[in-house]
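Read off the chains here:
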Amino acid sequence: MTQTASAAKTGASATERFKADRTDGATVTSTDRVDLLAREVLAGVHETVRRNHVTYDEYNALKAWLINVGETGEWPLFLDVWLEHVVEEVNTAHREGSKGTIEGPFYVPGAPEMGPRGSVPMRDDEAGSPLAWSGQVTSVDGAPLGGAVVEIWHADSDGFYSQFAPGIPEWNLRGTFEADDDGRFEVTTVMPAPYQIPTDGPCGALISAAGWHAWRPAHIHVKVSHPGSQLLTAQLYFPNDEHNEDDIASAVKPELMFAPQDAVDGVGTVVEYDFVLDPT
Ligand code: MBD
Ligand code: FE
C-alpha cells in the first residue's frame, strides 16, 4: 500500500512528537496566572462575539472546527502558524545576539551528527539544486564558540518533512553539526522550495474559508546551542521569495535573509550566515 501525505497523518505525527518531547509537563502555572490569562483570552473572544453579533450557526461551525483540529492532530500546526510568532517575539525581545524566529511543528531532536563540515542526509536522487552554507558561531562579545551545536532541518522539494510525511528516509534533510574550535561549520544541502502548510485538514479549511493562502517562503530551520549561551531557534530565508512579505506563519524577519551567491564551479548556491549567541 502506498501512503500519501495527508493533514491527518502530518498532524498526528506532530502531536505525537510534541507529547514525546515534552519534558516540562509537570511545570505548574500558578492559579493567579491561569486566572489572568484565561479570563483575558475569554474576554477577547466575548468582545468579538458581541461586536460582530456571532450567530448560533457560526458558533456551531466553530465547535465542529475545533473538534476537527483535535481529531486530526492539527493543534501544533494551528498554534505554531498563528500564535507562536508573538510568543517568540515577547520572549526574545531583550536579546543582543542573532535574531531568531519560531520553531514550528516539525523539529526532531537527535538528527545524525556530521561533525563541523558535511552534507545533511539526503536521498541519492534528492531534488533541488546544491546549497553550501558556511558560518561561524560566536558570543555577543565576539569570542568563537567552539563545539557549538548547529541543528538543521527543512522540507524536501515537494514541501514534505521527514518523519511527518510517509515514504521519506527517517533523517532526510536533518543534520546536527558541531562547530570546530574556531566556531566554524559548513553545511551542504539542497535549496528548499516554497512551502504550503497542509491544505486538506482543518487549518487548510480555515485558510480557504477565510480566503487566505497557505504559503510560507522557502526556509531552512536551525537551532544553535552552546553551554553557557541561550538556545537560538531561527529560520533562514532567501531574498526575492514571493512569500517573504506574506508568510502565513508571520515568521520572516529582515535579519534572517541569506545573501546567496552563485557557486564558483557554477553548480548551485553559496551562502554565509553567522550566529551570535547571548549568554545565559
Ligand atoms: C512549517 O514548515 C513551518 O516552518 C511552520 C512554522 C509552520 C508550518 C510548517
Ligand atoms: Fe518549516
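Criteria and thresholds
Residues numbered from 1 in each chain as written. Chains lettered and ligands numbered in written order. Predicted model: local features only at pLDDT ≥ 70, side-chain atom pairs only at ≥ 80, totals over all residues. Heavy atoms only, no water. Helix = DSSP H or I, 4+ residues; strand = E, 2+ residues; numbered from the N terminus. Rg over C-alpha atoms; globule rule 2.2 N^0.38 Å. Buried < 20%, exposed > 50% of the residue type's maximum accessible area, 1.4 Å probe, protein only. Contact = heavy atoms within 4.5 Å. Areas by Shrake-Rupley, 256 points an atom, 1.4 Å probe, with all protein chains shown as cover. Lys, Arg positive; Asp, Glu negative; His and termini not counted. Charge placed at Lys NZ, Arg CZ, Asp CG, Glu CD. Donors = N, O, S within 2.8 Å, 3.2 Å for Na, K, Ca; no water.

I'm lost on the overall build of the protein in this one. Help?
Each helix and strand in the protein was counted, giving six helices and twelve strands. Relative to the globule expectation of 19 Å for 280 residues, the C-alpha radius of gyration of the protein, 20 Å, shows essentially globular dimensions. Dimensions of the protein, computed from the C-alpha atoms along their principal axes, are close to 65 × 50 × 35 Å. By the burial criterion, 40% of the 280 residues in the protein qualify as buried. Pairs at least 24 residues apart make up 73% of the contacts formed inside the protein by residues separated by at least 6 positions. Within the structure as shown, the protein displays about 15,200 Å² of accessible surface, and the carbon and sulfur contribution to it stands at 54%. With 18 positive and 43 negative side-chain charges, the protein shows a spacing of 8 Å between the two charge centroids.

It is not clear to me how the coordination of the iron ion (ligand 2) should be interpreted in this structure. Could you clarify?
Octahedral six-donor coordination of a metal ideally yields angles of 90 or 180 degrees, compared with 109.5 degrees for tetrahedral four-donor coordination. Coordination sphere of the iron ion (ligand 2), protein contribution only: Y161 (OH), H219 (NE2) and H221 (NE2), at 1.9 to 2.1 Å. Mapped onto the sequence, the donors of the iron ion (ligand 2) take the spacing Y-x57-H-x1-H. Separated by 60 residues along the polypeptide, Y161 in the loop between β3 (149-153) and β4 (174-178) and H221 in strand β8 (residues 219-225) bring together distant segments of the chain. The exposure class of Y161 is buried, given its relative accessible area of 3%.

I'm lost on unusual backbone geometry in this one. Help?
Peptide bonds are trans in most cases, and residues, glycine excluded, mostly fall at negative phi. Although it is not a glycine, Q163 sits at a positive phi angle of roughly 75°. The topology assignment puts Q163 in the loop between β3 and β4. Since its relative accessible area comes to 25%, Q163 is described here as partly exposed. In this structure, N240 takes a positive phi of about 75° despite not being glycine.

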